[in-house]
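Coordinate analysis (summary)
For reference, the chains in residue letters:
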2 protein chains.
Amino acid sequence: MSAGRSGRRSGSPDTRAQILDAARAGFARGGLAGTTVRSIAEAAGVDSALVHHYFGTKQQLYLAALEIPVDPEFVRAPLRDAPLDDAARALLRALLTMWDGPLRDVGVAVIRTNLGNGGDPAIVRGFLLEIALAELIGRMDAGPGDGALRANLVAAQVFGLLVARYVVGFEPLASLTVDEVVDLAAPPLQQVITGPLPN
Amino acid sequence: MSAGRSGRRSGSPDTRAQILDAARAGFARGGLAGTTVRSIAEAAGVDSALVHHYFGTKQQLYLAALEIPVDPEFVRAPLRDAPLDDAARALLRALLTMWDGPLRDVGVAVIRTNLGNGGDPAIVRGFLLEIALAELIGRMDAGPGDGALRANLVAAQVFGLLVARYVVGFEPLASLTVDEVVDLAAPPLQQVITGPLPN
């Protein structure tokens, strides 16, 4: 730290990094919904306008804090367009197509960094439940609270599949085509989206 | 490193650590089945007998290398005793009972360490597929190779569930009782154990 850092700053070479640090700490405590840009700006000692200047919306700040260089619309759009009865296939096809492409190494790095020691699993939780699956949760809400629980189970299955295929490399799963994996993984995933839940 | 370390040693304060290092490197390359105690002993510069003296069987050495202080029989025994049609419930009940108890912190640490940057996901693969689920694979082998593929899908679902409940802490999943989680997670897990597979 150099001198003259106290008080509100209008921008310095590492203001951006300090905002990101404050964002990670804030989101880890309060999640996406429970954390305001204002509180992050205050923790970083800057004006809210500067946060928006650097990062755009709160969701964009969240993605930057998570270091996910992926537009969540890549998953949200196919899910939004799919009938609920086909949501598992739509979700898996979008995700696996992305992970089988050039983003694979990035995806593996994001999982390993955020899940590993020193990483912050709470940020993974926010990305999956508050951004990627947010719209699906409302559509799955057949009974009170069902949607949130189903989203937990969807995220668990999807996460386990991505780790098994791309991070740990289970065989034969890792060598199958996207179509083959979608055919295998869609039925149990669809079950937690639209199947019956125990009382 | 002190002097006099070259050649075969009959034991020194850190011979045990050197065997473990050689074991991790060997298992990461060849898996449990493809790695011999002899090759590990050679890489560590000691006699095979010394490896057995310190660690017992190859499987015990594997567990020590993975730093899993859990007897895999805790999961294998209930699975062995359960009819295949009830294997999902038996597996989930054994695992969740263990993770909801005093081994929870250890389990979280094992996942975070081995999956994180610098950890070795291949060791997780060997533990799940070559030890914990090894006997189940043969029983699930309805068609040629089916058992291995089903085991991949079982391991993916179980791993995703453990991460979701214990590492990342999805709510409401993390706050449910073991019985409630077993009821929720058993049907999709049973589907990949005994349900139909696509061609």
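Keep in mind the model is a prediction, meaning the values are calculated, not measured.

Here we come to the confidence of the model for chain A. A residue-level look at chain A finds 93% of positions with pLDDT of 70 or above and a mean pLDDT of 87. This stretch, residues 1-7 of chain A, has a pLDDT under 50; its non-local contacts, to residues over four places away or in other chains, come to four contacts.

Moving on, we get to the packing of helix H1 (residues 15-30) of chain A against helix H2 (residues 37-44) of chain A. Working note: a packed helix pair is described by the angle between its axes plus the distance between those axes. Residues and elements named next belong to chain A. At their nearest, the axes of H1 and H2 sit 8 Å apart, and the two run at 125° to each other. With respect to H2, the axis of H1 lies oblique. The element H1 and its partner H2 pack so that their crossing is right-handed. Every residue of H2 that contacts H1 at Gln 18, Ile 19, Ala 22, Ala 23 and Phe 27 is listed here: Ile 40, Ala 43 and Ala 44. In terms of residue class, the contact of H1 with H2 is made up of seven nonpolar, one polar and no charged.

A separate point is the UniProt feature "DNA-binding region" (unreviewed entry) in chain A. The UniProt record annotates "DNA-binding region" (unreviewed entry) at residues 36-55 of chain A. The distance from the first to the last C-alpha atom of residues 36-55 of chain A is 14 Å, and the span holds 80% helix and 0% strand.

Attention now moves to the side chain of Thr35(B). All names here are of chain B. Inspection of the secondary structure assignment puts Thr 35 in the loop between helix H1 (15-30) and helix H2 (37-44). Looking at Thr 35, the relative accessible area reads 3%, which means it is buried. Other than its neighbours up to four places away in sequence, Thr 35 contacts Gly 26, Phe 27, Gly 30, Ile 40 and Lys 58.

Below, the discussion takes up the relation of the copies chain B and chain A. Superposition of chain B onto chain A requires a rotation of 180° combined with a translation of 0.0 Å along the rotation axis, giving an RMSD of 0.1 Å. What the superposition gives is, in effect, a two-fold axis relating one chain to the other.

Two aromatic rings are characterised by how far apart their centres lie and by the angle between their planes. The full count for this structure, using the stated rule, is six aromatic pairs over all chains. Ring centres of Phe27(A) and Tyr62(A) lie 4.6 Å apart, and the angle between their planes is 65°; on these two criteria the pair is classed as edge-to-face. Separated by 35 residues along the polypeptide, Phe27(A) in helix H1 and Tyr62(A) in helix H4 (residues 58-66) bring together distant segments of the chain. We note that Phe27(A), like Tyr62(A), is buried. A ring pair is formed by Tyr54(B) and Phe55(B), whose centres lie 6.2 Å apart and whose planes are at 45°; its orientation type is tilted.

A few words on the pattern of salt bridges. Residues and elements named next belong to chain A. In total, this model carries 18 salt bridges over all chains according to the counting rule given. Asp 146 is paired through a salt bridge with Arg 150; the nearest N and O atoms lie 3.9 Å apart. Of this pair, Asp 146 and Arg 150 both sit in helix H10 (residues 146-167), four residues apart, which is roughly one turn of that helix. We classify Asp 146 as buried; its relative accessible area is 18%. What makes Arg 150 buried here is its relative accessible area of 6%. Linked through salt bridges whose partners overlap, the residues forming this network are Glu 73, Arg 76, Arg 80 and Glu 135.

All names here are of chain B. In a regular helix each residue adds 1.5 Å, so 13 residues correspond to 18 Å; helix H6 (residues 87-99) covers 18 Å between its end C-alpha atoms and thus fits that length. Summarising burial for H6: ten of the 13 residues are buried, a large majority. Buried residues of H6: Ala 87, Ala 88, Ala 90, Leu 91, Leu 92, Ala 94, Leu 95, Leu 96, Met 98 and Trp 99, and no others. Lining the buried residues of H6 we find helix H5 (73-81), helix H7 (104-115), helix H9 (134-139), helix H10 (146-167) and helix H11 (178-194).

On the chain A side, the residues contacting the 41 residues of chain B number 42 residues. Across the interface of chain B and chain A, roughly 3,300 Å² is buried in total on both sides, 70% from carbon and sulfur atoms. At the boundary of chain B and chain A, one finds ten residue pairs in polar contact (both at pLDDT 80 or more). When contributions to the side of chain B that touches chain A are tallied by element, the ones reaching two or more residues are H7, helix H8 (121-132), H10 and H11 of chain B. Among the elements that line the side of chain B that touches chain A, the one with the most residues is H10(B), at 13 residues. Considered class by class, the residues forming the side of chain B that touches chain A number 25 nonpolar, eleven polar and five charged.

On to the domain arrangement of chain A, then. All names here are of chain A. In terms of domains, chain A is made up of domain 1 (15-66) and domain 2 (73-194). Taking only C-alpha atoms into account, the centre of domain 1 sits 26 Å from that of domain 2. Each partner contributes to the interface: domain 1 provides nine residues, whereas domain 2 provides ten residues. Summed over both partners, the interface of domain 1 with domain 2 buries about 850 Å², with 67% contributed by carbon and sulfur atoms. For the domain 1 face of the interface with domain 2, the top three residues by lost area are Ala 28, Tyr 62 and Leu 66, together amounting to 56%.

Calculation notes
Residues numbered from 1 in each chain as written. Chains lettered and ligands numbered in written order. Predicted model: local features only at pLDDT ≥ 70, side-chain atom pairs only at ≥ 80, totals over all residues. Heavy atoms only, no water. pLDDT = per-residue confidence, 0-100. Contact = heavy atoms within 4.5 Å. Axes fitted to C-alpha atoms, helices over the stretch in contact; angles between N-to-C directions. Helix = DSSP H or I, 4+ residues; strand = E, 2+ residues; numbered from the N terminus. Parallel < 35°, antiparallel > 145°, perpendicular 65-115°, else oblique. Left-handed = near helix turned anticlockwise from the far one by under 90°. Nonpolar A, V, L, I, M, F, W, Y, C, P; charged D, E, K, R; others polar. UniProt positions renumbered as here; feature names shortened; annotations may be inferred. Buried < 20%, exposed > 50% of the residue type's maximum accessible area, 1.4 Å probe, protein only. Least-squares fit on C-alpha atoms with pLDDT ≥ 70 in both. Phe/Tyr/Trp six-rings, centres within 6.5 Å; stacked < 30°, edge-to-face > 60°. Salt bridge = Lys/Arg side-chain N within 4 Å of Asp/Glu carboxyl O. Expected span 1.5 Å × (residues − 1). Buried area = accessible area lost by both parts, 1.4 Å probe. Polar contact = N/O pair within 3.5 Å; in protein donor to acceptor, adjacent residues only side chain to side chain. Domains from an automatic or database assignment.

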